[in-house]
Amino acid sequence: MRYILKNIKLFALKNTLVFILFLVSLFVSVTVLLAAYGIYTEYHEKADRDIQGTEGLYDLEGNKREESDIEYLLFQQGLDKYYERPMKFEECRGFFYDLGTIFGDKIDYIDFSCLPELIDIDELYRKSTGQTYVPYISVTSGYKDGELAVPDSFTTVYGGRYFTNEDYRIDAKVCIIGFEELQKHNHEYMDLTEENGTYYVTTNGVKYEVIGYHNPEAMAVTVTPGAAPGDCYVGESFDLKLKEVPTADEYRKFTELVSYYFADLISDVTKMPTANIDTQYFYNTNIWISVIIALAAAINLAVLYQYVLVSRRKTLAIFRLVGGTKNRIRRLYILETTLISSVMFVISAIIFNVAIKPFIIKVYPYIENLYTLKVYAIMFLIYMAVTVVILNIMIMRYVSKAPVNLMKEEN
Amino acid sequence: MLAYIKYGYLEFIKYLKLNLIIAIELSALIIMSIFTVSTLNSQLRFYEPLKDDLTETGVFIRPEMISHRVTPENKLVYDEDILKKFPEVNKITSFNQFQFNIGGADFEGKSYSKKMIDSFEPYLEDGVWLSKAKKEKGVLNVVVSYNIKNVDVGNEYEGTYIVKNNGKSKTVKVRVVGKVRNGSAIFDRAQGKDFTKVSAYDFFPSYAVYDTTTIDYNGEEVEFTNRFVIACQEDLDEIGAEQHYYQTVFLNFDKNTTDERLSEIKETLKLSGDVYDTKPMKENTYQMIGSKIAFLLPIIIGVLLFVIVTTICMSAINAKKQLRSYGIYYTCGSRWRQCIMISAFSSLITEVIACILSALVLVLAQSFGLLSETVIEFGLWQAVACVAVLVLNLITSVIMPIIIIGKTQPREIIKSNE
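In this text, all values refer to a predicted model and were calculated from it rather than measured experimentally.

### Brief notes about the overall build of chain A
Scanning chain A for helices and strands turns up 12 helices and 11 strands. Scored against the burial criterion, the 411 residues of chain A give a buried share of 39%.

Structural data, given as structure tokens:
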């Protein structure tokens, strides 16, 4: 350790300018690394939350905007031609799976509300309150890793449990119901029975085990797409919630899918907000800038450290001649650079946190809570790993040279 | 001068490895400055096309939607409707619509003025933008959106349009010169907004195109589409095609128009649709530009800082390495000033190599499609940024030896070969 500190002292005294530049380069690299991570996160956070994908969370007046979900209603209160050409669920069961292939993990949930029989849809909406008194089948799913899965939201149950990914995988005949309402209005379309303490709902000839309870006032019997009865009628609403704004191409494929499944059963495909291509391209460019900065910073540090190594070649040669092994010298130099880099990282991170971050947050509001101790620790590990690997290669090249060659080398 | 070049070249060769590394680093800085200026330009690209329309006294009109075959009194459909009534108007910028059929498929026609076409280019998936396409007499150049009708770039089709003030159809030879990338911003009407709060940016919405057909249960073909075609207003006028305002008209008035007359004009215009002053729009746009620049400021400062630090590092290392040579040159009769000139010429050679290298990298990246989904472009401002980086490098390569040499004697420099 004493030798390492002595080495650093000599480095600072003999090559003051290079030493200062080395420290400044380290500081700039750390700061740019931290800022680049912030900008990258800002983009993803923004894409996730900002429905327009352009103005961020603040409007022109500087007021904070309400966060909006990217929720899409293909139709509500019935298909446009519900009576003219009733559509059975079996005809559009594949819609769930095809939506998954388009939007993938962006899907939060897909919800199809179907009616057990071809009934008067207006009966669902009572004049005064709009409260529905006819139980409907809610076919709900999320999508993860190429398969239908538990949705991200609306999975809260008042009792029992929600579906599991396994239920989705094996098309389990299980359901979640609004217990009180269903019991109160035990309807001709749905039969609620109890067997040995377990409740069952039978609808359209399919018997489902009740595994959980919705809000007691809900009239929905929620099932998974694979287990939903094929002969119920698509009649009430279709709801799709995405976690991220879709791209224009995803929207195009979505309209193709809607057209394929529903043809003219709906009057038009409602406009869906799509990711702003300008914003996307802008961030892609910034990511390229970060990559180039990282590359240039690495070259810069390498050039500076190479100069240090060259200026130390005689010391190194003597060291080797008096019995210093290659590994020992390599370890000494690595420890020296690690020590300088670690100290500089800590100093740079403190300066970034105290002086630079408050300024950046004003411009990139999403990164406000980003820089936690954990993030700094991860950044530190990444930074140190890259620095050590690059410098190790350089040091190895020099240490491997024969002492005579080192002595003979010119500046 | 030749001697400087010669010794500069010799110095470059002597430390070839280091100079090549510096050239690589310098080319990274050049590329970085091109990218940074491109991001800045990308944030301002919606302001430039409407810059002259958003004036203190101008107005923006959203004319009522009028069937193109009927032109009722007091309604605004064409430029001549305005010019006839208000001779004070000296400039009209509008977004027009026209009916167009290409190769048997209907497209929603959008037409822009030549000035708009020259100042704004949407992102293209294929081909070139209208301003860059070669014009041929009797052929109408158009740019199309995504479509399933196989209307693609490079092909020629028969286009059918409606003749102005006539209502009859006529055909024209159409050449598709470009295809807009789906989701790209295009000049269009601003939608669903409080028009006192709109800025120039709202007239360039991201346009997601869908185009699909299916057979319904009656066996009939059903179409869901918003595919479009873009043409130049002046080109459409040349062939006598019908095109009418589509809720977006900017008017600029003669400077001598009095306030009373302006109020009078606005009142008359209100009979044709909603009328708004462009002054608040201009202010909103400036506010938007301010927020865009503020958004970019940390990036610009970061890049600038990095460029300066890196350039100084490169020059310092280079100067330190060449110090011994300068000592020898000095002993042989050269003055420090001449040594510095040699250093500058050596740096110049490095800069030339860096320029070639960065051009090569950009061309390769472009050909491999790495830059296709970015805002990177090369124009005047990018060139200025590159020159700035090169000049900065040259200045530091001149200053650094001066700082390092300081008051050191040449003898000490030659001896210091640790």
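### Structural notes on unusual backbone geometry
Residues and elements named next belong to chain A. In this structure, Asn196 is a non-glycine residue whose phi angle is positive, near 50°. Its location among the elements puts Asn196 in the loop between strand E7 (190-195) and strand E8 (198-203). The class for Asn196 is exposed, based on 4 C-beta atoms found within 10 Å.

### What to know about the domain arrangement of chain B
Taken as a whole, chain B is organised into domain 1 (2-46 + 289-415) and domain 2 (95-248). Between the C-alpha centres of domain 1 of chain B and domain 2 of chain B the distance comes to 46 Å.

### Structural notes on the environment of Pro49 of chain B
Residues and elements named next belong to chain B. Checked against the element boundaries, Pro49 lands in the loop between helix H2 (16-44) and strand E1 (59-63). The sequence separation of Pro49 and Phe120 amounts to 71 residues, and the corresponding C-alpha distance is 6.1 Å. Non-local contacts of Pro49, meaning those with residues more than four positions away in its chain, are made with Met116, Ser119, Phe120 and Phe187.

### A short note on the interface of chain B and chain A
Each side of the interface is counted separately: chain B has 56 residues, and chain A has 47 residues. Of all elements in the fold, only H2, strand E8 (211-215), strand E9 (221-225) and helix H7 (278-331) of chain B reach the threshold of two or more residues within the side of chain B that touches chain A. Class assignment for the residues of the side of chain B that touches chain A results in 31 nonpolar, 16 polar and nine charged.

### What about the packing of helix H8 (residues 277-311) of chain A against H7 of chain B?
Between H8 of chain A and H7 of chain B, the shortest axis-to-axis distance is 10 Å and the interhelical angle comes to 25°. What the angle tells us is that H8 of chain A and H7 of chain B run roughly parallel. With respect to the hand of their crossing, H8 of chain A and H7 of chain B are arranged in left-handed fashion. Contact residues: Asn286, Ile289, Ile293, Ala296, Asn300, Val303, Leu304 and Tyr307 of chain A in H8 of chain A; Ile299, Val303, Phe306, Thr310, Cys313, Ile317 and Lys320 of chain B in H7 of chain B.

### What to know about helix H11 (residues 373-399) of chain A
Taking 1.5 Å per residue as the helical rise, H11 of chain A with its 27 residues ought to reach 39 Å, and the 37 Å between its terminal C-alpha atoms agrees with that figure. Tyr383, Thr387, Leu391, Ile395 and Val399 of chain A are the residues of H11 of chain A that are buried.

### Quick look at the environment of Gln43 of chain B
Looking at the secondary structure, you find Gln43 of chain B in helix H2. Beyond its immediate sequence surroundings of up to four residues, Gln43 of chain B is in contact with Lys292 and Leu296 of chain B.

### Quick look at the environment of Thr248 of chain B
All names here are of chain B. Within the secondary structure, Thr248 sits in strand E11 (residues 244-253). A sequence separation of 155 residues divides Thr248 from Thr93, and the C-alpha atoms of the two residues are 8.2 Å apart. Aside from chain neighbours lying at most four places away, what touches Thr248 is Ser94, Phe95, Arg189 and Phe203.

### Thoughts on the packing of helix H8 (residues 336-367) of chain B against helix H9 (residues 380-405) of chain B
Residue and element names in this part refer to chain B. Where H8 meets H9, the axes come as close as 9 Å, and the angle between the chain directions of the two elements is 145°. Where H8 crosses over H9, the two elements pack in a sense that is right-handed. Contacts between H8 and H9 involve Trp336, Cys339, Ile340, Ser343, Ala344, Ser347, Leu348 and Glu351 from the first element and Leu390, Asn393, Leu394, Ser397, Val398, Pro401, Ile402 and Ile405 from the second. Each residue belonging to the contact of H8 with H9 can be placed in one class, and the counts come to 11 nonpolar, four polar and one charged.

Definitions and limits used
Residues numbered from 1 in each chain as written. Chains lettered and ligands numbered in written order. Predicted model: local features only at pLDDT ≥ 70, side-chain atom pairs only at ≥ 80, totals over all residues. Helix = DSSP H or I, 4+ residues; strand = E, 2+ residues; numbered from the N terminus. Buried ≥ 20, exposed ≤ 12 C-beta atoms within 10 Å, placed from the backbone. Domains from an automatic or database assignment. Contact = placed C-beta atoms within 7 Å. Nonpolar A, V, L, I, M, F, W, Y, C, P; charged D, E, K, R; others polar. Axes fitted to C-alpha atoms, helices over the stretch in contact; angles between N-to-C directions. Parallel < 35°, antiparallel > 145°, perpendicular 65-115°, else oblique. Left-handed = near helix turned anticlockwise from the far one by under 90°. Expected span 1.5 Å × (residues − 1).

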